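Inside the fold
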Amino acid sequence: MSTISMHRTEILRFRHDGLRNNKKFQRVTASWTMAMDSKKPSSYTRKKEELSVIPQLESSSAPSDLRFDRLQPSDQELVREKSIEFGQFVAREALLDEEYWTAAWLRAESHWENRTNERYVDNFKRKFADQEFNALKRRCRGQHGQKCMCIVTVKKEARNVKRTVLKSVVGTLDLSIRYLLHGETFPGERVKAPLFFCNINRTDPNKYGYIANLCVAKSARRQGIASNMLHFAVESAKSESVEQVYVHVHRSNKSAQELYQKMGFEIVEVASSQLLEDQTYLLCFKT
């Protein structure tokens, strides 16, 4: 039996008391000590994965209005138009800033998943999550001229169990509604056209959906989360009168290719030669 002590972390939580520019600062500290039986590594690994989703942030790097101890609201408290329930989970559009932040953190965890031994990896993840959170909020506010939604999967309510938002969100992806440029037959096609023709053709036949940033927490994989989020994204695209939904996948990511093809996506062969240098495939789902 050995003991692992986790470093003490401090988070500044900001509370607004109704007065303009008058904020009270409450320091929250936490530390954990876990006993580990060397004969039972699987239990420790599972516990480590559950804790890894909680961002250990310096107060200066976190947006001031986020509450990392915020409890996940009940279904009755949330106003949402669409959702998909499956097993112990619900897939829906993100509604809270803390959900956007956790989605950004999951993407940071996924990005550095196979590089945990790199120096300063935790600092890189924190910076990545901070930048992705701000970029995600801008995209979902339509600041880039595109309609974008962040889809999350959260754990269902359980009787007598209260979870924070950080521990409730276990999966995420982005769906954006875009338009082809003049001359394009698929997203990113290299077309020979005068520069002044390279503008967006905002007509329904040129509108398409684009999926990106699909990731699932390690502790929640193989429970149908990715496939149900994809189904929710495709149905959401249909409601926007979109006839085609695209996604790029790296050629070495065989498991992702199998997932998308199982969902009905097909490789766009005409795009393969142009994407060879990037080592990616373009897949399309026809609604």
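1. Some thoughts on the state of the cysteines
- On inspection of all chains with the given rule, the structure shows 0 disulfides.
- The structure places no disulfide on Cys140, whose sulfur is separated from the nearest cysteine sulfur, that of Cys148, by 4.3 Å.

2. Some details on the pattern of salt bridges
- Following the criterion strictly, the structure yields 14 salt bridges and no others.
- A salt bridge links Arg70 to Glu98, with the shortest nitrogen-to-oxygen separation between them at 3.2 Å. Taken together, the positions of Arg70 in the loop between helix H1 (41–52) and strand S3 (83–86) and Glu98 in helix H2 (residues 97–111) put the pair 28 residues apart, joining distant regions of the chain.
- With a relative accessible area of 26%, Arg70 lands in the partly exposed category.

3. Thoughts on the packing of aromatic side chains
- Going through the model one piece at a time under the given rule, you end up with 8 aromatic pairs.
- Plain terms: the ring middles of Trp112 and Phe124 are 6.3 Å apart, the flat faces sit at 25° to each other, and that makes the pair stacked. Note that Trp112 is positioned in the loop between H2 and helix H3 (121–140) and Phe124 in helix H3, a separation of 12 residues in sequence.
- Look at Phe124 and you get partly exposed, because its relative accessible area is 38%.
- With centroids separated by 5.5 Å and ring planes inclined at 85°, the aromatic side chains of Tyr208 and Tyr246 adopt a geometry described as edge-to-face.

4. With respect to the nonpolar core
- Counting residues in each nonpolar core, the largest one holds 54 residues, and the members touching the most others are Ile151, Ile211, Ile225, Tyr260 and Phe265.
- The element best represented in this core is helix H5 (residues 225–239), accounting for 8 residues.
- Not counting the four nearest positions on each side in its chain, Ile211 is found in contact with Leu173, Asp174, Leu175, Leu230, Ala233, Val245, Tyr246, Val247, Tyr260 and Phe265.
- Ranked by size, the runner-up nonpolar core spans 10 residues in total, among them Tyr210, Val268, Leu275 and Cys284.

5. Remarks on H5
- With 15 residues, H5 ought to run about 21 Å at 1.5 Å a step, and its terminal C-alpha atoms sit 21 Å apart, in line with that.
- Every buried residue belonging to H5 is among Ile225, Ala226, Asn228, Met229, Leu230, Phe232, Ala233, Val234, Ser236 and Ala237, and all of these are buried.
- Residue Ser241 follows H5 closely and has a positive phi angle near 60°.

6. A short note on the confidence of the model for the chain
- Across the chain, the average pLDDT comes to 79, with 72% of residues at 70 or higher.
- Confidence drops under pLDDT 50 across residues 2–54; counting only partners more than four residues distant or on other chains, this segment forms 74 contacts.
- Note on residues 56–61: pLDDT under 50 across the span, and 11 contacts to partners over four residues away in sequence or across chains.

7. Quick look at the pairing of strand S7 (residues 207–216)
- Among the 10 residues of S7, 7 are classified as buried, and the element is accordingly described as predominantly covered.
- Taken together, the 8 bridges between strand S6 (residues 169–179) and S7 define a ladder with antiparallel strand orientation. Its bridge partner lying in S7, Ile177 is registered against Gly209.
- Bridge count for S7 against strand S8 (residues 244–250) is 3 bridges, and the pairing is parallel. By the bridge assignment, Gly209 is partnered in S8 with Val245.
- Once you follow S7 into H5 and on to S8, the crossover reads as right-handed.

8. Details of the sheet that holds strand S10 (residues 280–286)
- Reading across the sheet, the 8 strands line up as S3-S4-S5-S6-S7-S8-S10-S9 and stay open at both edges, with mixed pairing between neighbours. The strands lining the two open edges of the sheet, one partner per strand, are S3 and strand S9 (266–267).
- Here S3 pairs with strand S4 (residues 89–93) via 4 bridges, running antiparallel. Within S4, the residue paired with Phe86 across the bridge is Phe89.
- Packed onto the sheet, H2 meets S4, strand S5 (147–155), S6 and S7 and runs at close to 95° relative to S6.
- Strand contacts of H5: S3, S4, S5, S6, S7, S8 and S10, with the helix running at about 30° to S6, the strand carrying the most contacts.

Cut-off values and rules
- Residues numbered from 1 in each chain as written.
- Predicted model: local features only at pLDDT ≥ 70, side-chain atom pairs only at ≥ 80, totals over all residues.
- Heavy atoms only, no water.
- Disulfide = S-S within 2.5 Å.
- Salt bridge = Lys/Arg side-chain N within 4 Å of Asp/Glu carboxyl O.
- Helix = DSSP H or I, 4+ residues; strand = E, 2+ residues; numbered from the N terminus.
- Buried < 20%, exposed > 50% of the residue type's maximum accessible area, 1.4 Å probe, protein only.
- Phe/Tyr/Trp six-rings, centres within 6.5 Å; stacked < 30°, edge-to-face > 60°.
- Core = buried A, V, L, I, M, F, W, Y, C linked by side-chain atoms within 4.5 Å.
- Contact = heavy atoms within 4.5 Å.
- Expected span 1.5 Å × (residues − 1).
- pLDDT = per-residue confidence, 0-100.
- Pairing = 2+ DSSP bridges.
- Right-handed = clockwise from strand over helix to strand, strands pointing away.
- Axes fitted to C-alpha atoms, helices over the stretch in contact; angles between N-to-C directions.

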